[in-house]
Amino acid sequence: MAIVLQQKPIEILHSVFGYSSFRDKQAEIIDHIINGQDALILMPTGGGKSLCYQIPALCLPGVAVIVSPLIALMQDQVESMKQLGIRASVLNSTLSSSESSKVEEKMRNGELDIVYVSPERLNTESFLDNIEQCELSLFAIDEAHCVSQWGHDFRPEYTEFSKLKERFPSIPRIALTATADELTRQDIVKHLGLENGRIFISSFDRPNINYRIMAKDNEKKQLLTFLNDEHKGDSGIVYCISRNKVMEVAKYLKEHGYNAWPYHAGLNKDKRTKNQDRFIKDEGIVMVATIAFGMGINKPDVRFVAHLDLPKSVESYYQETGRAGRDGLPSDAWMVYGIEDIVKLQQFIVRSNADKEHKMLEYQKLDALIGYVETVRCRRQVLLEYFGEKSEAKGCDNCDTCLEPVKTFDGTVAVQKALSCIFRTGQMFGITHIINILLGKEDEKVKRFNHNNLSTFGIGKEYDKSQWKSVFRQIIASGTAVVDMESYGAVKLSANSNKILRGEEKIYLRSDVMDRKSKKEKKVAAGKRSVLTNTEDEALFQKLKAFRLSLAQEQKIPPFIIFHDSTLIEMVNKKPENLEEFGCISGVGKNKLDRYGKSFLEIIKESN
Ligand code: ADP
Ligand code: ZN
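Bear in mind that the values here come from a model prediction, so they are computed numbers and not experimental data.

## Observations regarding helix α15 (residues 356-374)
Move 1: Between its terminal C-alpha atoms α15 stretches 27 Å, which fits the 27 Å expected from 19 residues at 1.5 Å a residue.
Move 2: Of all the residues in α15, the buried ones are Leu-366, Leu-369, Ile-370, Tyr-372, Val-373 and Glu-374.

Here it is in structure tokens:
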């Protein structure tokens, strides 16, 4: 007998999960599934997808089969279930054949509520034969975008899941994903046979994430200031474009007192696993990584995601930054970028082996990304519109452009100087060289080409190198000039250049690097955004965290599986005095109350 069989969804939400109410479309989705219907669920990361199949799995008789490509994650998911008193297990290649047989037997005997299986396993005849002998409650297909070739994580195994419909026509199938554009969506419906199901789409907004993007101007120092001011002791991810840079930045942060570790595909597997494990199981780790890191990381308390280089597209940016703040607490998506980043990404596209059509698509994606980073509008609105969501007229009040309207200045003269310098040198040179001429630097190359004799030599001394880089970045971003990748990154005039050169049109630029003084003022305004207001509360929070860590280490599980930060924070704020009050805290279900209530109450009592 399943412990919570035949209960109503809301009762299970209260008693097993310890949550007070359903979020957004959860209740509707769960009802739909309990009625035996199929569904495709699109929800952002951290939206609460898992509950949409976990609760029906507990309401309906039989065992639920959950397919996920993220094998590394399955054990954590099963641990989370067990902590809640749910009978769960995995079936994947990490199990020996006798262990697998035992799990399959339990499934047949109705001794499991939920089984997580790998896609390979689900496709085997023997597994399908076995589940034919089981009572099944539902199939859930996680990361369903993997079925589509349009998506970024295509897995051929996924296309075979169409078998499920033929073989188990009466068992509800639920596909879930956090990333699916229209084409991918159609693919999911087609390949998984969900034509008769319903599509549930939630807003992709992540209101707790603060978006902030700045001009690159000594990136390591900028990162350090950001961490020192706002994220001491927090867990977070720093994304870099190359392996070398990952190593360098990790070392730099370590030297400055951070518990920082590198992660990239060039490290051997043991080292990668070890560093990833640290990130998940310890507190306050900064993971410096290439994009090789992140897939399948479900750590809920990642407080910041920092980019030291531009991601590839808006989609990648959204996915990478989405790893922050799954627990709903305030978190930061912070990025610095400069002209080099744009040029580098353009180079990648030109040098790739893709066909022309594909390259055009990549260019469009890069343009959209540049549009996003350079925008003076609310960043959240630009992001949501990119994903096809209408946004409200007013801004979000939780992004840099909303909180501090972008300062601009009339940059016409500066741009004219830059453009004429490009013109006078024959549109054959890269940005660094042009800047040297503007600054009047007589280096070897300038002398070799006699560029010290040009009328534009030294006409830009009012700005320094990084300020000129900011000007060029904006010139390129706005298409006022273009970088020609076919000729080694030479900057060329574009159709838009003439109007500005002739003075027929003005151009306004962001002050970013121009205005260093105002940046200092900003620094004072920034500070750690804490949800706890006084030092005693902060101290109690740290005590509860330390105790949680010791419990987690004993059981060899990540701390967040015991309680989320948000649950600890509520303990601090409400200071429950007895088990009854403790049980009312969000995230404390019956099982966790029995198991941990007493010891946590003692710590809370001591601090009073
Ligand atoms: P997703 O799979 O969509 O990324 P999860 O299912 O992991 O998101 O949910 C994100 C977090 O929100 C989890 O910690 C989950 O326990 C919590 N959560 C989900 N639904 C609710 C709810 N109704 N009330 C409170 N917390 C919830
Ligand atoms: Zn905004």
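Still more ground to cover, so stick around.
## As for the domain arrangement of the protein chain
Note: interface size is frequently given as the accessible area lost on complex formation between the parts.
Move 1: When cut into domains, the protein chain gives domain 1 (9-201), domain 2 (209-403), domain 3 (408-510) and domain 4 (531-607).
Move 2: Its C-alpha centre places domain 1 at a distance of 30 Å from the equivalent point of domain 4.
Move 3: The partner domain 4 presents 15 residues to the 13 residues of domain 1 that form the contact.
Move 4: Counting the contacts that link domain 1 with domain 4 gives zero salt bridges.
Move 5: For the side of domain 1 that touches domain 4, the secondary-structure elements that each account for two or more residues are α1 (9-17) and α4 (71-83).
Move 6: Broken down by element, the residue count for the side of domain 1 that touches domain 4 peaks at five residues, all from α4.
Move 7: A breakdown of the residues in the side of domain 1 that touches domain 4 according to their chemical character gives four nonpolar, six polar and three charged.

## Description of the site of ligand 1
Move 1: Around ligand 1 sit 15 residues, and of these Tyr-19, Gly-46, Lys-49, Ser-50 and His-564 come closest.
Move 2: With respect to ligand 1, the side chain of Tyr-19 contributes an N or O atom lying 2.5 Å from an oxygen atom.
Move 3: Contact between ligand 1 and Gly-48: an oxygen atom at 3.1 Å from a main-chain N or O atom of the residue.
Move 4: Here ligand 1 loses 81% of its free accessible area of 560 Å² to cover by the protein chains.
Move 5: Among the elements that line the shell around ligand 1, the one with the most residues is helix α3 (residues 49-59), at three residues.
Move 6: Across the shell around ligand 1, the residue classes break down as four nonpolar, eight polar and three charged.

## Comments concerning the nonpolar core
Move 1: Membership of the largest hydrophobic core comes to 164 residues, with the highest contact counts inside it found for Met-107, Leu-138 and Trp-468.
Move 2: Among the elements that take part in this core, α3 stands out by supplying seven residues, more than any other.
Move 3: Setting aside residues no more than four positions away along its own chain, Trp-468 makes contact with Ala-414, Lys-417, Ala-418, Ile-435, Leu-438, Leu-439, Gly-460 and Tyr-463.
Move 4: If you look at the next biggest cluster of nonpolar residues, it comprises 20 residues, including Leu-223, Val-246, Ala-260 and Phe-304.

## Let's talk about the coordination of the zinc ion (ligand 2)
Move 1: Note on the zinc ion (ligand 2): its protein donors are Cys-378 (SG), Cys-396 (SG), Cys-399 (SG) and Cys-402 (SG). The metal-donor distances range over 2.3 to 2.4 Å.
Move 2: Geometry at the zinc ion (ligand 2) is tetrahedral, judged from the four donor atoms that bind it and their angles of 102 to 120° at the metal.
Move 3: Counting the intervening residues between successive donors of the zinc ion (ligand 2) yields the motif C-x17-C-x2-C-x2-C.

## A closer look at the sheet that holds strand β3 (residues 88-91)
Neighbouring strands of a sheet are bound in pairs by backbone hydrogen bonds; such pairs are parallel or else antiparallel.
Move 1: The strand order β3-β4-β2-β5-β6-β1-β7 describes an open sheet built from seven strands, whose pairing is parallel. Edge positions in the sheet fall to β3 and β7 (198-201), since each of these pairs with one other strand and no more. Taking each pair of neighbouring strands and ignoring which way they run, the sheet shows an average axis angle of 20°.
Move 2: Where strand β2 (residues 63-67) and strand β5 (residues 136-141) come together, five bridges link them in parallel fashion.

## Structural notes on the pairing of strand β4 (residues 114-117)
Move 1: Taking every second residue as pointing to the same face, both faces of β4 are buried, with Ile-114 and Tyr-116 on one and Val-115 and Val-117 on the other.
Move 2: Note that β2 and β4 share four bridges and pair parallel. Across the sheet, residue Ala-64 finds its bridge partner in β4, namely Ile-114.
Move 3: Bridge count for β3 against β4 is four bridges, and the pairing is parallel. Across the sheet, residue Leu-91 finds its bridge partner in β4, namely Val-117.
Move 4: Crossover handedness for the path β3 to helix α5 (residues 97-108) to β4: right-handed.

## Overview of the sheet that holds strand β11 (residues 286-289)
Move 1: Strands sit in the order β8-β13-β12-β9-β11-β10 across an open sheet of six strands; the sheet is parallel. Strand pairing shows two members of the sheet lacking a second neighbour, β8 (209-215) and β10 (260-263), which therefore form its edges. Averaged over all pairs of adjacent strands, the angle between their axes in this sheet comes to 15°, without regard to strand direction.
Move 2: Helix α10 (residues 219-230) rests against β8, β9 (235-239), β12 (302-307) and β13 (331-337) of the sheet, and its axis sits at about 165° to β13.

## Details of the state of the cysteines
Move 1: Per the counting criterion, the structure on display carries zero disulfides.
Move 2: Free of any disulfide, Cys-134 has its nearest cysteine sulfur in Cys-59, 20 Å distant.

## Section: the environment of Lys-163
Move 1: Inspection of the secondary structure assignment puts Lys-163 in helix α8 (residues 162-167).
Move 2: Residue classification places Lys-163 among the partly exposed residues on the basis of a relative accessible area of 25%.
Move 3: Sequence separation of Lys-163 and Ile-71 is 92 residues, and the distance between their C-alpha atoms is 22 Å.
Move 4: Lys-163 has contacts with Asn-123 and Leu-128, leaving out every residue within four places of it along the chain.

## Structural notes on the packing of aromatic side chains
Move 1: On inspection of all chains with the given rule, the structure shows 21 aromatic pairs.
Move 2: Both rings, one in Phe-226 and one in Trp-334, keep their centres 4.7 Å apart while their planes meet at 10°; by these two values the pair is stacked. With Phe-226 in helix α10 and Trp-334 in strand β13, this pair connects stretches of sequence that are 108 residues apart.
Move 3: Note on Phe-226: relative accessible area 4%, which makes it buried.
Move 4: The buried category is assigned to Trp-334, whose relative accessible area is 3%.
Move 5: Between the aromatic rings of Phe-429 and Phe-449, the centroid separation amounts to 4.9 Å while the plane-to-plane angle is 75°, which identifies the pairing as edge-to-face. In this pair, Phe-429 sits in the loop between α18 (412-424) and α19 (431-439) while Phe-449 sits in the loop between α20 (444-448) and α21 (465-477), placing the two residues 20 residues apart along the sequence.
Move 6: Note on Phe-429: relative accessible area 6%, which makes it buried.
Move 7: Three or more aromatic residues joined by ring pairs form one cluster here, namely Phe-547, Phe-563, Phe-582, Tyr-596 and Phe-600.
Move 8: The cationic tip of Arg-278 hangs over the ring face of Trp-261; the distance from NZ or CZ to the ring centre is 3.4 Å.

## Topic: the pattern of salt bridges
Move 1: Inspection of the entire model under this criterion finds 39 salt bridges.
Move 2: Note that Lys-281 and Asp-277 form a salt bridge whose closest N and O atoms lie 3.7 Å from each other. With Lys-281 and Asp-277 both in helix α12 (residues 269-281) and four residues apart, the pair spans about one turn of that helix.
Move 3: Relative accessible area serves as the criterion here: at 36%, Asp-277 is assigned to the partly exposed category.
Move 4: Of the charged contacts, one joins Asp-565 and Arg-548 as a salt bridge, the two residues approaching to 2.9 Å between their closest N and O atoms. On the criterion of sequence distance, the pair formed by Asp-565 in helix α26 (residues 565-574) and Arg-548 in helix α24 (residues 535-555) is long-range, its members being 17 residues apart. Take Asp-565 and Arg-548: they sit in the same class, and that class is buried.

Conventions used here
Residues numbered from 1 in each chain as written. Chains lettered and ligands numbered in written order. Predicted model: local features only at pLDDT ≥ 70, side-chain atom pairs only at ≥ 80, totals over all residues. Heavy atoms only, no water. Helix = DSSP H or I, 4+ residues; strand = E, 2+ residues; numbered from the N terminus. Expected span 1.5 Å × (residues − 1). Buried < 20%, exposed > 50% of the residue type's maximum accessible area, 1.4 Å probe, protein only. Domains from an automatic or database assignment. Contact = heavy atoms within 4.5 Å. Salt bridge = Lys/Arg side-chain N within 4 Å of Asp/Glu carboxyl O. Nonpolar A, V, L, I, M, F, W, Y, C, P; charged D, E, K, R; others polar. Near = heavy atom within 4 Å. Polar contact = N/O pair within 3.5 Å; in protein donor to acceptor, adjacent residues only side chain to side chain. Areas by Shrake-Rupley, 256 points an atom, 1.4 Å probe, with all protein chains shown as cover. Core = buried A, V, L, I, M, F, W, Y, C linked by side-chain atoms within 4.5 Å. Donors = N, O, S within 2.8 Å, 3.2 Å for Na, K, Ca; no water. Tetrahedral: all angles 85-135°; square planar, octahedral: opposite > 155°, others 65-115°. Pairing = 2+ DSSP bridges. Axes fitted to C-alpha atoms, helices over the stretch in contact; angles between N-to-C directions. Right-handed = clockwise from strand over helix to strand, strands pointing away. Disulfide = S-S within 2.5 Å. Phe/Tyr/Trp six-rings, centres within 6.5 Å; stacked < 30°, edge-to-face > 60°. Lys NZ or Arg CZ within 6 Å of the ring centre and 35° of its normal.

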